[in-house]
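Below are the chains, spelled out letter by letter.
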Amino acid sequence: MSGPRLCSRCVLPHSPPEIALDGEGVCNLCREHERRPPADPRGALLESDFVKILEAHRGKHEFDCLVMCSGGKDSTAALYYAVRRYKLKVLAFTFDHGFETEDAMANVRRAVERLDVPFLTYRSTFMHDMFARIIKTGAPAVICHVCAIWYMRLTYQMAARFDAPLIIAGWTKGQMTQQPVLTKCACNAAGPEYARMGRATAEFLAGLEGDPKYGDFPRSIESVVAQAAKKHKCLVLSPHWFLPYEVEEYVALIQKELGWQYPRLSYPAQTTNCALNFLSVHWALKHYGYTHYHVEMSKLIREGLLTRAEALAALRADFDPELLQRVARQLGCAVQDQEAA
Amino acid sequence: MPSRVLGLSAHYHDAAACLMQEGRLTAAAHEERFTRRKSDAELPLRALNYCLQEGGITAPDLDAAVFYEKPFLKFARVLIGHLRSFPRSYPSFRRALPRWLQDRLSLPLTLKSELGFSGRTYFVKHHLAHAAAAFLPSGFTEAAILTADAVGEWATLTRGRGSGSRIRVESEMCFPDSLGLLYTAVTTFLGFAAQEGEGTVMGLAAYGKPAYLDRFRAIAAARPDGSFALDQSYFDFYGEERMYTPRFVEAFGRPYAPKAEMDQRACDIAASLQALTEEILLALARDLRQRTKLDDLCLGGGVFLNCVANQRILEESGFKRIFVQPAAGDAGGAMGAAAFVSHCLWGLPRGGPLSPYLGPAFPASRCRRALAAAGLTFRELPEEKLCRETAKMLTEGLVVGWVQGRMEVGPRALGNRTILGDPRNPQMKRFLNDRVKHREEFRPFAPAVLAEEAADYFELDSPSPFMLLAPRVRPQKRAAIPAVTHEDGTARVQTVAEAENPRFYRLIKAFRELTGVPMVVNTSFNRRGEPIVCTPEDAVAVFKATAMDALVVGEFVARREEHA
């Protein structure tokens, strides 16, 4: 099956005007990266930068930090580092919108038990109607983006409620925003890679104005951050931005220390994402030809932290159609609803 | 009981960090390898982050940090020196003062703000740190200790002895009488950079005759015990532009511009300086032997990176064994200071033999990604095949970059960040200097030889694992290994034992099986003016920028012809 034409260096497709391949099949983002002078090694983040931040908050609150746990390798490693490496007083936090997989939750449970840390789980079907609306209306909004806005707001609220001055996430260098370290979630929504997705999500959220259930839902991740900055002054950061370890190294560590296991089913391969993610990816590929995972992995490829072959293997999207239907049914929809809309 | 100490050297040249845990050296590295700035002098934040990570701890877990000198003593010397040379010294004083006030006199505050470390900070005198770096890892129960460098706080050279976990400095020479400063001043006179070109001058010396030795002897008036007084009318150590005065120029002729052609006069001046250095060091060592009656001698300080002088001390001073640690210069001062705190203050037992492989290693996944990201085609081979194939490439006259395991500490590549060649090839030296290293054609290359066969080729009856001895090549073998035989018939030998570096040993063994010659050319993996490579990405960058034929990183082999 032939898909969209991909950049010969990263894994982004030809998707003008934001992403355009040149005569050599290289995208504008890779060309821009190529033109930049080599990064000065003295500008790279160091673990001591992270430790300085931790030391500034240690012991001054009920918890030193709240760690966002998804059961994936990156967040489980972040939890491990927070407890064992940095000896922080940790509140582990996970949420389940009804689509978390048993494998992921088992990883979280094993980790918190072995690390013996307080564990907070938040279960809610609050977002189901919104997800269903995206499907039924055929809106090109990205389910994961909407979910991330909700999840981040919830996390800030939990950190405030349980008196934790820091939120520690498992975001990788590919999910890192600009330096210096700042309290911002994963994606640089202003980047050209996200322009169309961002616009679509923003339009969808704008349509919620006056909605009795979602009327006060934040319109963007920026508004969540801005609101949190006023209320909680909580800093969000990831140890992976500061540590030099390869993913293989910390996976081996958490497998040994915490009994962590790769989930049986996931997208991208060897990650741990919820079941709804399959549906989100399915439609993002349909609407845009790529997903936020393509963006993250392309960034990692440009930084030399991932090979293109590894990324292509991880991003192969050959889902079982029945799996997609099952997830859609949980929301009271069918996959074809969106196609028909 | 305290057991974890971070050692630091910084602010002059060659900043470095090390970590000792339970009296054992866990990690050590030069800052320049991470920042890619040769002889980087800044506080070694990247090196110390690496050391803590290697030790599996963070700064708050440390029991102490230790600095390799006493900043207030040094500041006093700098103040007095500048006052004595006023007003000539004013511009350099004006430049130096803010640095002193901002960084150098407030290390504990800096460590707190930069690392989040608020524990105890020790300061060990500079030459005591060198003495500790030389003696404590030597394996000797009792030994004489000789240290020499440019200058610490005041001392430029010390003599003393070590016994168990005690170190006693018995006498010292002080600034401005300094063998290190003399060598550096002449290095700059010959057009080379201070703190970088001293090794080049040592290599150049082999091409000259000591025609200026008497003039140098007149400048450095020796006493019977080997100590000396430098005639300061020849030097200006606080000078803005030059370390020497017009009187020095009168005595030795016009100075050389950077990158100038080295004529016979330059070679003779280098040879004379080298001869004087050897004379002084030998006299000091003989006197020390006479007074201590000990068989073992430990040498520390940057002056003892001079492998030619070390060889003469080994052969002619009367000591039976000498130990020079691989980072004999200021980077080793960090290791010495940490060892002093661990063993002499805390009483932790001294450890086993010192390994130079104390820097970072990188997993196979990182090596593979670095090669792939650079668009190189490569193959993965099991170790035996890897060594055999690399050895075969060398026999074909190819130059191979070789990056394995943990990076070396100290200025020499010792088989883990190394460029390899065939020692039998008479063209190898020229090719390496011209096309790969881009440096002067007279610079020699070193052999890495199987330890058990070293004596067949070199007049050497003790191991030289850190490439800090320069024995004569046996006359009957010189023609067989022209690429590593220097002009004066010596070679800067590294002996390689299987227990110390198994993969490098197996590579040399594979070369021996193919050729009958138990050694390879071993030169540091860098280009002129750059630090030795650290990461796989650094190695790939040098490979792509030079005429190297192949690159072996971990188990991966990439050949240039496949990318032509």
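Basis of the calculations
Residues numbered from 1 in each chain as written. Chains lettered and ligands numbered in written order. Predicted model: local features only at pLDDT ≥ 70, side-chain atom pairs only at ≥ 80, totals over all residues. Heavy atoms only, no water. Helix = DSSP H or I, 4+ residues; strand = E, 2+ residues; numbered from the N terminus. Rg over C-alpha atoms; globule rule 2.2 N^0.38 Å. Buried < 20%, exposed > 50% of the residue type's maximum accessible area, 1.4 Å probe, protein only. Lys, Arg positive; Asp, Glu negative; His and termini not counted. Charge placed at Lys NZ, Arg CZ, Asp CG, Glu CD. Contact = heavy atoms within 4.5 Å. Buried area = accessible area lost by both parts, 1.4 Å probe. Salt bridge = Lys/Arg side-chain N within 4 Å of Asp/Glu carboxyl O. Polar contact = N/O pair within 3.5 Å; in protein donor to acceptor, adjacent residues only side chain to side chain. Nonpolar A, V, L, I, M, F, W, Y, C, P; charged D, E, K, R; others polar. Domains from an automatic or database assignment. Pairing = 2+ DSSP bridges. Axes fitted to C-alpha atoms, helices over the stretch in contact; angles between N-to-C directions.

Trainee: I'd like a description of the overall build of chain B, backed by residues and values.
Mentor: For chain B, the count of helices and strands is 19 helices and 20 strands. Computed over its C-alpha atoms, the radius of gyration of chain B comes to 23 Å, within 12% of the 24 Å expected for a compact globule of 564 residues. When its C-alpha atoms are laid out on the principal axes, chain B stretches across 65 × 60 × 45 Å. Burial analysis of chain B (564 residues in total) assigns 63% to the buried set.

Trainee: Tell me about the overall build of chain A, residues and numbers included.
Mentor: Check the secondary structure of chain A and you find 14 helices and five strands. Computed over its C-alpha atoms, the radius of gyration of chain A comes to 20 Å, within 12% of the 20 Å expected for a compact globule of 341 residues. Averaging the locations of the 40 positively and 38 negatively charged side chains of chain A gives two centres separated by 2 Å.

Trainee: Lay out the interface of chain A and chain B with the relevant residues and their values.
Mentor: Listed as interface residues are 24 residues of chain A and, on the opposing side, 21 residues of chain B. Taken over both partners, the interface formed by chain A and chain B buries close to 2,000 Å², and the fraction arising from carbon and sulfur atoms is 52%. Where chain A packs against chain B, one counts five salt bridges. Here Glu246(A) ties to Arg369(B) by a salt bridge, and the two come within 2.5 Å at their closest N and O atoms. The tally of links between chain A and chain B comes to ten residue pairs in polar contact (both at pLDDT 80 or more). Contributing elements (two or more residues each) for the side of chain A that touches chain B: α2 (47-57) and α9 (247-258) of chain A. Here the side of chain A that touches chain B gets five residues from one element, more than from any other, and that element is α2(A). Here the side of chain A that touches chain B is built from residues that sort into eleven nonpolar, three polar and ten charged.

Trainee: Residue-level account of the domain arrangement of chain B, with values.
Mentor: All names here are of chain B. When cut into domains, chain B gives domain 1 (4-125 + 331-345), domain 2 (173-324) and domain 3 (364-563). Taken together, the contact pairs 13 residues of domain 1 with six residues of domain 2. When domain 1 packs against domain 2, close to 810 Å² is buried across both sides, 50% of that on carbon and sulfur atoms. Per-residue buried area on domain 1 facing domain 2 is highest for His 13, Arg 77 and Arg 88; these three make up 42% of the total on that side.

Trainee: If you had to explain the sheet that holds strand β3 (residues 24-30) of chain B to someone new, which residues and values would you point to?
Mentor: Residue and element names in this part refer to chain B. Reading across from one edge, β3-β2-β1-β4-β5 is the order of the five strands in this open sheet, with mixed pairing throughout. Of all strands in the sheet, those with a lone pairing partner are β3 and β5 (120-123), marking the two edges. Going from strand to strand, the sheet's axes swing by 20 degrees on average, the running direction of each strand aside. As defined by bridge partners, strand β1 (residues 4-9) adjoins strand β2 (residues 16-21) across six bridges and the pair is classed as antiparallel. For Val 5, the partnering residue across the bridge sits in β2 and is Met 20. The sheet contacts of helix α5 (residues 107-115) involve β1, β4 (64-67) and β5, and relative to β5 the element is tilted by about 135 degrees.

Trainee: So what's going on with the environment of His232(A)? Which residues, and what values?
Mentor: Residues and elements named next belong to chain A. Looking at the element boundaries, His 232 is found in the loop between α8 (221-231) and β5 (235-237). We classify His 232 as partly exposed; its relative accessible area is 25%. The spacing of His 232 and Leu 166 is 66 residues in sequence and 9.9 Å in space, taken between C-alpha atoms. Those residues within four positions of His 232 in sequence are excluded, and the remaining contacts are Tyr 156, Gln 157 and Ala 160.

Trainee: I'd like a description of the sheet that holds strand β20 (residues 556-559) of chain B, backed by residues and values.
Mentor: Residue and element names in this part refer to chain B. The strand order across the open sheet formed by eight strands is β13-β20-β19-β14-β15-β18-β16-β17, and the pairing between neighbours is mixed. Looking at strand neighbours, the two that pair on one side only are β13 (379-380) and β17 (494-496), the edges of this open sheet. For strand β19 (residues 550-553) and β20, the ladder comprises four bridges, and the chain directions are antiparallel. From the neighbouring strand, Leu 551 faces β20, where its bridge partner is Ala 558. Each of β13, β14 (400-403), β15 (417-421), β18 (519-524), β19 and β20 touches helix α15 (residues 383-395); the most contacted strand, β20, lies at about 25 degrees to it. Along the sheet, helix α18 (residues 502-515) makes contact with β14, β15, β16 (446-450), β17 and β18, crossing β16 at roughly 90 degrees.

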